[in-house]
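Summary of structural features
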Amino acid sequence: MNPQAKLIFTISLLLGTTITISSNHWVLAWTGLEINTLAVLPLISKSHHPRAIEAATKYFLVQAAASTLILFSSMTNAWHTGQWDITQLTSPASSLILTAALAMKLGLVPFHFWFPEVLQGSSLPIGLLLSTAMKFPPITLLYMTSPSLNPTLLVTMALLSTALGGWMGLNQTQTRKILAFSSISHLGWMAIIISYNPKLTLLNFYLYALMTAAVFLTLNSTKALNLSALMTSWTKTPALNAMLMLTLLSLAGLPPLTGFLPKWLIIQELTKQEMAPAATIISLLSLLGLFFYLRLAYCATITLPPHTTNHMKQWHINKPTSPIVAILTTMSLALLPISPLILPIV
């Protein structure tokens, strides 16, 4: 792709995100989301592979439908209340439509079907962009409208997302699809707490973005697109693969790694809200996710499983690891001990 074109699309992404997260008016927020969608489409389809074109088409159709619902919801609310302010979402019908629209934008169950397919058709860096940066504007809209949304609906969608994200990721062999179902599962954790403590949702999102970025960039540097490629990548970069194992366990939420912090705080908050059954169910459902993270970690570092196909051993790379990967991996592993410093900031 032309560097000037790539620069224009990147600036448009930053502009769209900034407009959405800083706006108080529904039309401005919608405009920011539209700029984001249009800027990311050429990035998804830049390889001109049929899978990439298909992914871009699916992404466009889903995001256009979700944006239409957001506009419809805000117009309905303005019709009932005379208010275009994002925080003044008082009409029950509008809040219901908005919940569906934002769930579609994020890929929450039952609007999750597009996300694994789109991620599978994109390259790893664009997959990272779709899993983290593109989810930030809808999460901020959820954050701003959280007092008006229906808590029961959100908790139901959250539990279903965690269940389906874990369940459907079990039999996948493509790393991008596994990370897509991991994202759906993590969104469940964010959605369950948004009505009770929205700041925890943002903390969870930041830490999820951090850990996912570390995993995506590590996989991109070893060019491991499926489990069989991941099995032989340890000869290429042994140290990086060892760190990948720990980052995956952090993403699974095992103590004493960073990923344990948001899960611990969310379970604590749910128990305070007298929602111990929901906390128990979501904790048990996250064990499904733990299984496929362990499977990835096992393939990456522990052993070469018995198989009939002969794999070519990769050459050891002497190229130094990117400083960004090193910083992200360190943060993905070591933020739990300094959590008393993080919590007051959030």
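You'll find the protein entered in an unreviewed UniProt entry as NADH-ubiquinone oxidoreductase chain 2, with Troglodytes solstitialis given as the organism. Reading the Function (unreviewed entry) entry of the UniProt record for the protein gives the comment "Core subunit of the mitochondrial membrane respiratory chain NADH dehydrogenase (Complex I) which catalyzes electron transfer from NADH through the respiratory chain, using ubiquinone as an electron acceptor. Essential for the catalytic activity and assembly of complex I."

So, about the UniProt feature "domain: NADH:quinone oxidoreductase/Mrp antiporter transmembrane" (unreviewed entry) in the protein. UniProt's entry tags residues 23–288 with the feature "domain: NADH:quinone oxidoreductase/Mrp antiporter transmembrane" (unreviewed entry), counted in the numbering of this structure. Regarding residues 23–288, the helix share stands at 76% and the strand share at 0%, and the terminal C-alpha atoms are separated by 38 Å.

Turning our attention to empty space enclosed by the protein. One pass over the structure, following the stated rule, counts 4 cavities of 30 Å³ or more. Of the volumes computed, that of the largest cavity is approximately 60 Å³. The wall of the largest cavity is formed by Ser185, His186, Trp189, Leu251, Ala252, Lys263, Ser286, Gly289, Leu290, Phe292 and Tyr293. Breaking the lining of the largest cavity down by element, the ones donating at least two residues are helix H9 (175–193), helix H12 (238–252) and helix H14 (276–302). Considering each element in turn, the lining of the largest cavity owes the most residues, 5 residues, to H14. A breakdown of the residues in the lining of the largest cavity according to their chemical character gives 6 nonpolar, 4 polar and 1 charged.

In this section: the layout of surface pockets. A probe matching the size of a water molecule, rolled over the atoms, marks out where space remains unfilled. Approximately 290 Å³ is the volume found for the largest pocket. What lines the largest pocket is a set of 16 residues, and nearest its centre among them are Thr10, Leu13, Leu14, Leu129 and Ala133. At the level of elements, helix H1 (3–22), helix H2 (26–44), helix H6 (124–131) and helix H10 (198–222) are the ones that each hand at least two residues to the lining of the largest pocket. Per element, the largest residue contribution to the lining of the largest pocket is 5 residues, and it comes from H1. Looking at side-chain class alone, the lining of the largest pocket contains 11 nonpolar, 4 polar and 1 charged residues.

The geometry of H2 relative to H6 is characterised by a closest axis approach of 10 Å and an angle of 160 degrees between their N-to-C directions. When the interaxial angle is binned, H2 and H6 end up roughly antiparallel. Here H2 and H6 pass one another in a crossing that is left-handed. Each of Val40, Leu43 and Ile44 in H2 lies in contact with H6, whose residues at this interface are Ile126, Leu129 and Leu130. When grouped by side-chain class, the residues that make up the contact of H2 with H6 number 6 nonpolar, no polar and no charged.

The subject of this paragraph is H1. Counting along an α-helix, one turn takes 3.6 residues, and residues three or four places apart therefore face a common direction. With 20 residues, H1 should cover 28 Å at 1.5 Å per step; its first-to-last C-alpha distance of 28 Å lies within 8% of that length. What H1 keeps buried is the set Leu13, Gly16, Thr17 and Thr20. Buried positions in H1, seen along its axis, are confined to an arc of 95 degrees and lie on one side of it. H1 presents Pro3, Gln4, Leu7, Ile8, Leu14 and Ser22 as exposed residues on the side facing more than 90 degrees away from its buried surface. Contact partners of the buried residues in H1: H2, H6 and helix H7 (136–145). Among the residues of H1, the N-terminal cap falls to Asn2, whose side-chain oxygen and the backbone nitrogen of Gln4 are separated by 3.1 Å.

Calculation rules
Residues numbered from 1 in each chain as written. Predicted model: local features only at pLDDT ≥ 70, side-chain atom pairs only at ≥ 80, totals over all residues. Heavy atoms only, no water. UniProt positions renumbered as here; feature names shortened; annotations may be inferred. Helix = DSSP H or I, 4+ residues; strand = E, 2+ residues; numbered from the N terminus. 1 Å grid on protein atoms, 1.4 Å probe; cavity = no way out; pocket = protein on both sides within 12 Å on 5 of 7 lines; lining within 4 Å. Points joined across faces, edges and corners; volume = space filled by probe spheres on them. Nonpolar A, V, L, I, M, F, W, Y, C, P; charged D, E, K, R; others polar. Axes fitted to C-alpha atoms, helices over the stretch in contact; angles between N-to-C directions. Parallel < 35°, antiparallel > 145°, perpendicular 65-115°, else oblique. Left-handed = near helix turned anticlockwise from the far one by under 90°. Contact = heavy atoms within 4.5 Å. Expected span 1.5 Å × (residues − 1). Buried < 20%, exposed > 50% of the residue type's maximum accessible area, 1.4 Å probe, protein only. Arc of directions from axis to C-beta. Polar contact = N/O pair within 3.5 Å; in protein donor to acceptor, adjacent residues only side chain to side chain.

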